Amino acid sequence: MKAISVNHGGCRLPLTGGGPFHGHKFRLTIGVIAKNEEKTLDKCLASLKPLLDAVPGELIFTDTGSTDRTVAIAEKYTKHLIHFPWKNDFSAARNTGLAAAQGEWFLYLDADEWFDDVAPLVDFFSSGECDRYNMAAYSVRNYTDFSGKNYDDIQAARIVRILPATHFKNTVHEDLLRQPPIKMLDAFVHHYGYAYRTDEERERHGQRNMSLLKAELKQTPDDLKALFQTSLQLLGSDDAEAARIAERGMGIALKRGERYSYLRLANSLLRARMNQHDYKKVLDEVPSMLLQIPETGLFHLEFGRMCQEAAYQLKEYEKSAEFGKRCLKLYEKEERGELDDTERLYIPFHYLTDNSRQRCLLLISDALLQLGKAEAACDYWDCVDLSYLDAGGNGSFSLSFQLADKTGSWSIPVKFYRKLLAQSDKAKERNFMAYADSYCYNYPSRRKDILSAFAETEDDGGYFLLCRIRIAAEEHDRDRVAALLRRLTERGKNWDVRFADAVYGVLLNKMNLMEVLDSVDFDDIPLIASELRGTHDDFPRIVANYFSMYSFRSPKALYLAVTFLECAVLRESTENPPEQYRKLILLYLENSSKYVRAVYKPELLAESGLPALPRVCRFGYYAGKAIRAQQGNHPADYLKNLRLGLKEYPAMEKPIKFLLDDFKSHQKERKIKSDEFAVLAKQVKANIESLIAQGKLKRAGVYTLQLAKLIPEDDDLRRYRRLTHTEPDMAELVARIPQ
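All chains use their own residue numbering, which begins from 1 and follows the written sequence. Where totals are concerned, whole chains, interfaces and linings use all residues; where local detail is concerned, this predicted model gives features only for residues with pLDDT of at least 70, and gives and counts side-chain atom pairs only at 80 or more. Hydrogens and water molecules were not included; the side-chain quantities draw on all heavy atoms of the structure.

Novice: Let's hear about the overall build of the protein: which residues, and what values?
Specialist: Only DSSP runs of H or I covering at least 4 residues are called helices, and only runs of E covering at least 2 are called strands; the numbering of each starts at the N terminus. Helices and strands together make up the secondary structure of the protein, namely 30 helices and 10 strands. Against the 2.2 N^0.38 benchmark of 27 Å for 739 residues, the protein shows a C-alpha radius of gyration of 41 Å, more extended than a compact globule. For the protein, the C-alpha atoms occupy an extent of roughly 150 × 60 × 50 Å along the three principal directions. A burial count over the protein gives 49% of its 739 residues as buried. Restricting the contact set of the protein to residue pairs at least 6 apart, pairs at least 24 apart contribute 66%. Radius of gyration: over C-alpha atoms. The globule rule applied is 2.2 Å multiplied by the number of residues raised to the 0.38 power. Any residue under 20% of the maximum accessible area for its type is buried, any over 50% is exposed, and the rest in between are partly exposed; the area is computed with a 1.4 Å probe on protein chains only. Whether two residues are in contact is decided by their heavy atoms, any of which lying within 4.5 Å being enough.

Novice: Which residues make up the pairing of strand β2 (residues 57-63), and what values go with them?
Specialist: Most of β2 is tucked away, with 6 of its 7 residues classed as buried. Strands pair, by our definition, only if DSSP identifies at least two bridges between them. Pairing between strand β1 (residues 26-34) and β2: 7 bridges, direction parallel. Bridge pairing in β2 places isoleucine 33 opposite threonine 62. Pairing analysis gives 3 bridges linking β2 to strand β3 (residues 81-83), with the strands arranged parallel.

Novice: Before we move on, could you go through the packing of aromatic side chains and cite the residues and values that matter?
Specialist: Describing an aromatic ring pair means giving the distance of the ring centres and the angle of the ring planes. Stacked, edge-to-face and tilted are the three classes for Phe, Tyr and Trp ring pairs, Trp counted by its six-membered ring, which pair at centre distances within 6.5 Å; planes under 30 degrees apart are stacked, over 60 edge-to-face, the rest tilted. Throughout the structure, instances matching the rule amount to 49 aromatic pairs. Aromatic pair tyrosine 550 and phenylalanine 552: ring centres 6.4 Å apart, planes at 20°, arrangement stacked. Here tyrosine 550 falls in the partly exposed class, since its relative accessible area comes to 24%. For a Lys NZ or an Arg CZ to count as sitting over a ring, it must be within 6 Å of the ring centre and within 35 degrees of the ring normal. Above the face of the phenylalanine 188 ring, arginine 141 is positioned so that its terminal group lies 4.1 Å from the ring centre. The ring of phenylalanine 146 has arginine 197 lying over it, and the distance from NZ or CZ to the ring centre is 3.8 Å.

Novice: How would you sum up the packing of helix α11 (residues 317-335) against helix α12 (residues 354-370)? Please name residues and give values.
Specialist: Here an axis means a line fitted to C-alpha atoms, over the contact stretch when the element is a helix, while the angle between two N-to-C directions is reported on a 0 to 180 degree scale. Remark: α11 packs on α12, axes separated minimally by 9 Å, with the N-to-C direction vectors making an angle of 150°. Compared by their axis directions, α11 and α12 come out roughly antiparallel. Crossing of α11 against α12: the hand is left-handed. For the pair α11 and α12, the contacting residues are Tyr317, Ala321, Gly324, Lys325, Cys327, Leu328, Tyr331, Glu332 and Glu335 in the first and Ser356, Arg357, Cys360, Leu361, Ile364, Ala367, Leu368 and Gln370 in the second. A class-by-class count of the residues in the contact of α11 with α12 yields 10 nonpolar, 3 polar and 4 charged. Should an angle fall under 35 degrees it is called roughly parallel, over 145 degrees roughly antiparallel, and 65 to 115 degrees roughly perpendicular, with every other angle called oblique. Each crossing gets its handedness from the near helix: less than a right angle anticlockwise from the far helix is left-handed, clockwise is right-handed. Three classes are used: nonpolar for Ala, Val, Leu, Ile, Met, Phe, Trp, Tyr, Cys and Pro, charged for Asp, Glu, Lys and Arg, and polar for all others, with Gly counted as polar.

Novice: Break down the sheet that holds strand β10 (residues 182-191) for me, with residues and values.
Specialist: Spatial ordering of the open sheet is given by β3-β2-β1-β4-β7-β6-β10-β5, a layout of 8 strands whose pairing is mixed. Edge strands, defined here as strands with exactly one partner in the open sheet, are β3 and β5 (113-115). Ignoring strand direction, the axes of neighbouring strands in this sheet form an average angle of 30°. Where strand β6 (residues 135-143) lies against β10, 7 bridges are found, and the strand directions are parallel. Note that in β10 the partner of arginine 141 across the bridge is histidine 190. Here helix α4 (residues 119-126) sits on the sheet and contacts β1, β4 (103-110), β5, β6, β7 (151-161) and β10; the angle it forms with β10, its principal contact strand, is near 150°.

Novice: I'd like a description of the side chain of glutamate 113, backed by residues and values.
Specialist: Topologically, glutamate 113 is positioned in strand β5. Here glutamate 113 falls in the buried class, since its relative accessible area comes to 0%. Polar contacts, as counted here, are pairs of nitrogen or oxygen atoms within 3.5 Å of one another; within protein the pair requires one atom able to donate a hydrogen and one able to accept it, and residues that are adjacent in sequence qualify only if both atoms are side-chain atoms. A polar contact is formed between the side chain of glutamate 113 and the backbone nitrogen of aspartate 110, at a distance of 3.0 Å. One polar contact links glutamate 113 to arginine 158, side chain to side chain, over a distance of 2.7 Å. In this view, glutamate 113 contacts Cys44, Val140, Arg158, Val189, His190 and His191; residues no more than four positions away in its chain are not counted.

Novice: Account for the nonpolar core, naming residues and giving values.
Specialist: Counting residues in each nonpolar core, the largest one holds 183 residues, and the members touching the most others are Phe299, Phe303, Phe432, Phe454, Phe547 and Phe564. Element by element, the count of residues in this core is highest for helix α23 (residues 555-571), at 11 residues. Sequence-distant contacts of phenylalanine 303, that is, excluding residues within four places in its chain, are made with Leu263, Ala266, Asn267, Leu270, Val286, Met289 and Leu290. Each nonpolar core is a collection of buried residues, namely Ala, Val, Leu, Ile, Met, Phe, Trp, Tyr and Cys, held together in the definition by side-chain atoms within 4.5 Å.

Novice: Outline the pattern of salt bridges, supporting the account with residue identities and numerical values.
Specialist: The term salt bridge refers to a side-chain nitrogen of Lys or Arg lying within 4 Å of a carboxyl oxygen of Asp or Glu. Within the structure shown, the criterion is met by 47 salt bridges. With its nearest N and O atoms 2.6 Å apart, the salt bridge here joins glutamate 334 to arginine 344. You can see glutamate 334 sitting in helix α11 and its partner arginine 344 sitting in the loop between α11 and α12, a full 10 residues away along the chain. A salt bridge links arginine 447 to glutamate 474; its shortest N-O distance comes to 2.4 Å. Of this pair, arginine 447 sits in helix α17 (residues 444-455) while glutamate 474 sits in helix α18 (residues 462-474); the two residues are 27 residues apart in sequence, bridging distant segments of the chain. Since its relative accessible area comes to 40%, glutamate 474 is described here as partly exposed. One connected set of salt bridges, linked through shared partners, spans Lys685, Glu689, Asp714, Asp716 and Arg719.

In structure tokens form, the structure reads like this:
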């Protein structure tokens, strides 16, 4: 086979042997290195099998000292194994496979990576398109957690035509020299190597890399790749040192005229500045950095987005909006394929994502709003795609309400909520409803407009229905509340904390709770109570009025009553009318006692069985005993059981202390009145005795009968009645007893 013309320094590729692929035995050699990677190696090698089945090739596996099943797994896929002692040098290990390769091309990947689909690679080699290139790149999808949803894609030129000068360099984050032209393939590998289950695991990985990088810089202190990787490794942990190393590398790159090395180090410097909140330096340094790029490209977009963020943080809204608009044009160019994709090979472009594009729109909208350009802000706001993470967060919730406030159009958050519903993301929907409720609470003058905007739509989504219930409840339209509650119930979903106000509507209008209780999940009851306590200042009063009117036997209804009353008791201020607070506490004690008796068998409701009960139920047990002692006029037992209940449930300190102080106060009042009465009774008795002595028995008898009604068992009065002939007629009393 003749040598083909390949653009490589103006040279023609020589034949290197008698093989069919320009002198090579195989079209492709795949090299994998590993140590103790039994968890992912099988998945990695299995993903390569369709490629090796379709393209003439070989797999070379280099093991650097595994002690698990790694080698056994590799032997299932290849006989070409190399055992290479680990020398703290990834390039040295990679070069063993490269040196043994018999392929025209060499592809490498890590043992903890696997291809999603190798079809683009098969087509590249099988179609002969590979003859027009010296290198090819695919994406490495670096996951940041184990959800499979959060990741960064970076382009990696890991497929190379083997030339005499082809070799790996750098001890860590090893790389190949660029051999243009480069084909950008639409393929990617999954990589979870940067997803950590613990902070210790993350720290171990970082320390390993840093030790290798420090050793490399000690040997070659001006190596630009090592300087870049060291700066990158330090981001987030030591941003000042990351910036210092990046600046030093930029100076070396400028002297050597290595433009892309300069730009990747500049990017690391800017990220360190952003982490340090040194936004002014970002804005000052970017213009000189961009002078190194004559043509507009991806670095302009990356640096421009950082400038937009920096200007926004500095509240330089005009500048932030201008940077954002420029970036939007670059996003559009990138989408049309008008920017040089090979720039992706130099850095992970953090702002070259759909998520970042949506944030760009949000920041433009917010900046314009701050500048008083609400209508223009709405134009950009309407373009936001809420399916992306940042676009559906609290920042966007806030912006939608601010835009509505400035324009007077409360349909803006309504449209926003519709977009959220279309995403079927319950977490975002729940967060929006919480934000909207918080906004209504903090800005009561806007509440009516917001509720009306949501209630007047024809949509039947949860929040739309809830706003209609709120309006009907506040208007005390019981029939409409009942009808709307039925519609909400028919949705077949539990009323979690998002629908707390549906329960509030029932309480406010004193409707039958049992008709809707099935829609409230048992576990959500405390959350709903807490939500209502935080968003309704009249919650204690509404709860007290409702549970004074209704009494329940159902354990679930009693649990709701206890939970709601407890929240009300703990929120209510003791500075409010004491009668109101006392009423709340006694209702709570009563329902706590009922709940315990409804849930637990009688044998558990004895002193011996109490330790088996939850503390709140132990409190309910003593609450019941206190109530019965009070009703039986046993003050000592009443006080004793209140104190025992408090010991079991210290959270009730405020209400129990109130009852104890209230009892002491009443006791004091009773003693004062008792003393006053004793003095008065003594005076009346003295008057009676004087009248008897004067023979004025009839008049003495009148006083005697009046005082006898107050202290009938008094011995003095018995004697006065005999003397004044006012003893009760026993025959007459017997006649009055029912037979």
